[in-house]
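Summary of the model geometry
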Amino acid sequence: MARLQEQGSGPFRGFWLSTVGSGRPTETGTIHEPTGLDLAVKLHYIKAVYIYSAETARDLTVMQVKGTFFTVFDQISWISGRLRRRESGRPFIKCNDCGTRVVESQCDLTVDEWLSEPDRSVDDSLVYHQPVGPELAYSPLIYFQMTRFKCGGLAVGFSWAHIIGDPQSLSHFFNLWTRGLSGEEVYFPKTSDSQRGFQNPSSTGKEPVSIKQVDPVGDLWIAPNNIKMTTYSFNVTVKNINTNFPANGDEFEILSGVIWKCIAKARGDSVPVTITIIRSDPNGLKPRAVRNSQVISSVHVDFSVAEARLEEIVKSIGEATDERSEIDESGERDDGVLDFILYGAKLTFVDLSEVDFYEAKIKETSPVSVYCNVQGIGDEGVVVVLPAADREERVVTVTLLEDEMEKVKWELRKCGLITLVSLIDQLCYDGEFV
């Protein structure tokens, strides 16, 4: 039975929590074993928000939402289980159908009013998040929040434990849910342990530089960071990227090169410099699965990024070194009990521009906006590149130390990545122009 939570702040109110799981019980004793790569990212969480118009979602009921979850969890029941530890301390998932937590809330704004904020990082407030722990046996791996807007529109927010899968997995899971909602048969083929692996050259035996081991956190899975971080989001057109920043690389590589150079200028970085690049696996997995399949690579340069030509920076990004095997080995070390951070251990660029977020259609209609970011970011910062509702645009979300964000935004404006129109829109929203 749902229970009333404390009132929300700002335009939000009426938080109710309930639980939904599989429609049929999983066989007793079934477990799911995380890989070393899964364990290496266990202190991170993915936050995603899908916003639908009133015309699309007004008639969608809570019972319809929950009923469809039963169908999807029947196919992927292990993600509704709970974590346990072996005697050695290694975590595993007990497939006991304990379910995901569903949160219902209301917003006193319309969808149009909510989307009038140019900086979409505000969507983070549409995600109900709790970390795993300190009691593993009682911690859901997924939180799902439904926020009903005054106009009848709907925001669907996820907090998704990274140990179960990457952003592509979250997108695939929700796409299955929308298909089930439309009456399609939901089918999720089972994958073997070998299929959960990845195609990658043999390990070099070197320590991966893209992750950092941290002090043990015990059973409360929160990435340690006592420094204040802040997030800023803006849109950029593909035309702006290709016209104003000519370089021999794809859009993500060029965009990452421009932003890396701006951050280097703001920080006054010295050499050498190492960053992390995270992208979808070009080999993919047929059939699709819920897992951590992203390619995690490192880029090391011995030149000053702040003073280098963009072409030189983009070339180095294109030559990134795949570190998945090394990360997987690190995650397995000491039987999987060590704790690491990936996002923000080094300055991290995440390419989600090809993830099919906008295929999550209700009544054959895509969401009007999608937001995605990572929880548990280290102090080197993260840049996430997302698709926008307009296919000719990209959404860039930057999370950095609070005291360096304004310097970076200034460099982004100087180079022309943040346009004058974007700046005026933000200032108007903030009340600086009237």
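Each remark here, short or long, concerns the structure printed above.
Conventions adopted
- Residues numbered from 1 in each chain as written.
- Predicted model: local features only at pLDDT ≥ 70, side-chain atom pairs only at ≥ 80, totals over all residues.
- Heavy atoms only, no water.
- Helix = DSSP H or I, 4+ residues; strand = E, 2+ residues; numbered from the N terminus.
- Buried < 20%, exposed > 50% of the residue type's maximum accessible area, 1.4 Å probe, protein only.
- Contact = heavy atoms within 4.5 Å.
- Pairing = 2+ DSSP bridges.
- Arc of directions from axis to C-beta.
- Expected span 1.5 Å × (residues − 1).
- Core = buried A, V, L, I, M, F, W, Y, C linked by side-chain atoms within 4.5 Å.
- Salt bridge = Lys/Arg side-chain N within 4 Å of Asp/Glu carboxyl O.
- Phe/Tyr/Trp six-rings, centres within 6.5 Å; stacked < 30°, edge-to-face > 60°.

1. Considerations on the overall build of the chain
- Looking only at helices and strands, one finds eleven helices and 19 strands in the chain.
- Of all 434 residues assigned to the chain, the portion counted as buried reaches 55%.
- Considering only contacts in the chain between residues 6 or more positions apart, those separated by 24 or more positions represent 78%.

2. Some details on the sheet that holds strand 6 (residues 91-94)
- Pairing is antiparallel across the open sheet formed by three strands, whose spatial order is 3-6-5. Strand pairing shows two members of the sheet lacking a second neighbour, strand 3 (31-32) and strand 5 (82-85), which therefore form its edges.

3. Overview of helix 8 (residues 310-318)
- The set of residues buried in helix 8 consists of Leu310, Ile313, Val314, Ser316 and Ile317. Mapping the buried residues of helix 8 onto a view down its axis gives an arc of 160°, with all of them on the same face.
- Residues of helix 8 that are buried in the fold lie against helix 7 (251-267), strand 12 (273-279) and strand 13 (295-301).

4. Remarks on the environment of tryptophan 221
- Along the polypeptide, tryptophan 221 turns up in the loop between strand 10 (212-214) and strand 11 (229-237).
- With relative accessibility at 0%, the residue tryptophan 221 sits in the buried group.
- A C-alpha to C-alpha distance of 6.1 Å links tryptophan 221 and proline 131, two positions 90 residues apart in sequence.
- Not counting residues up to four positions away in its chain, the partners in contact with tryptophan 221 are Lys42, Leu43, Tyr45, Leu83, Arg85, Pro91, Pro131, Val132, Leu136 and Ile163.

5. A look at helix 10 (residues 402-415)
- For helix 10, spanning 14 residues, the distance from its first C-alpha to its last is 21 Å, which sits close to the expected 20 Å at 1.5 Å a residue.
- Regarding helix 10, the residues found buried are Glu404, Met405, Val408, Lys409, Glu411 and Leu412. Along the axis of helix 10, the buried residues cluster in a sector spanning 160°; they form a single face. Among the exposed residues of helix 10, those pointing more than 90 degrees away from its buried face are Asp403, Glu406 and Lys414.
- Next to the buried residues of helix 10 lie strand 11, helix 7 and strand 19 (393-401).

6. Let's talk about the nonpolar core
- Tyr50 and Ile79 are the most contacted members of the largest nonpolar core, which totals 77 residues.
- Within the second largest apolar cluster, 41 residues are counted, among which are Phe245, Ile254, Val258 and Ile275.

7. Remarks on the pattern of salt bridges
- According to the stated counting rule, one finds 24 salt bridges in the structure shown.
- A salt bridge links arginine 333 to glutamate 207, with the shortest nitrogen-to-oxygen separation between them at 3.6 Å. Here arginine 333, found in the loop between helix 9 (324-332) and strand 15 (339-341), pairs with glutamate 207, found in the loop between helix 5 (167-181) and strand 10; they are 126 residues apart in sequence, far enough to count as distant.
- Across the pair glutamate 380 and arginine 267 runs a salt bridge whose closest N-O atoms are separated by 3.4 Å. Of the two residues, glutamate 380 sits in the loop between strand 17 (369-375) and strand 18 (382-387) while arginine 267 sits in helix 7, which places them 113 residues apart along the sequence.
- Taken together, the salt bridges that share partners define one network made up of Glu33, Arg86, Arg90, Glu332 and Asp335.

8. Brief notes about the sheet that holds strand 18
- On the basis of which strands lie adjacent, the open sheet formed by seven strands has the order 11-19-18-16-12-13-14 and mixed pairing. The strands lining the two open edges of the sheet, one partner per strand, are strand 11 and strand 14 (321-322).
- Two strands pair when backbone bridges link them, and strand 11 and strand 19 are joined in this way by nine bridges, in the antiparallel orientation. Residue threonine 231 lies in a different strand from strand 19, and its bridge partner there is threonine 399.

9. Focus: the packing of aromatic side chains
- Scanning the model with the defined rule gives 17 aromatic pairs in all.
- Seen from their ring centres, phenylalanine 69 and phenylalanine 144 are 4.5 Å apart, and the 85° between their planes marks the pair as edge-to-face. With phenylalanine 69 in helix 3 (residues 62-75) and phenylalanine 144 in strand 8 (residues 142-148), this pair connects stretches of sequence that are 75 residues apart.
- The exposure class assigned to phenylalanine 69 is buried, which follows from its relative accessible area of 1%.
- For phenylalanine 144, a relative accessible area of 0% gives the class buried.

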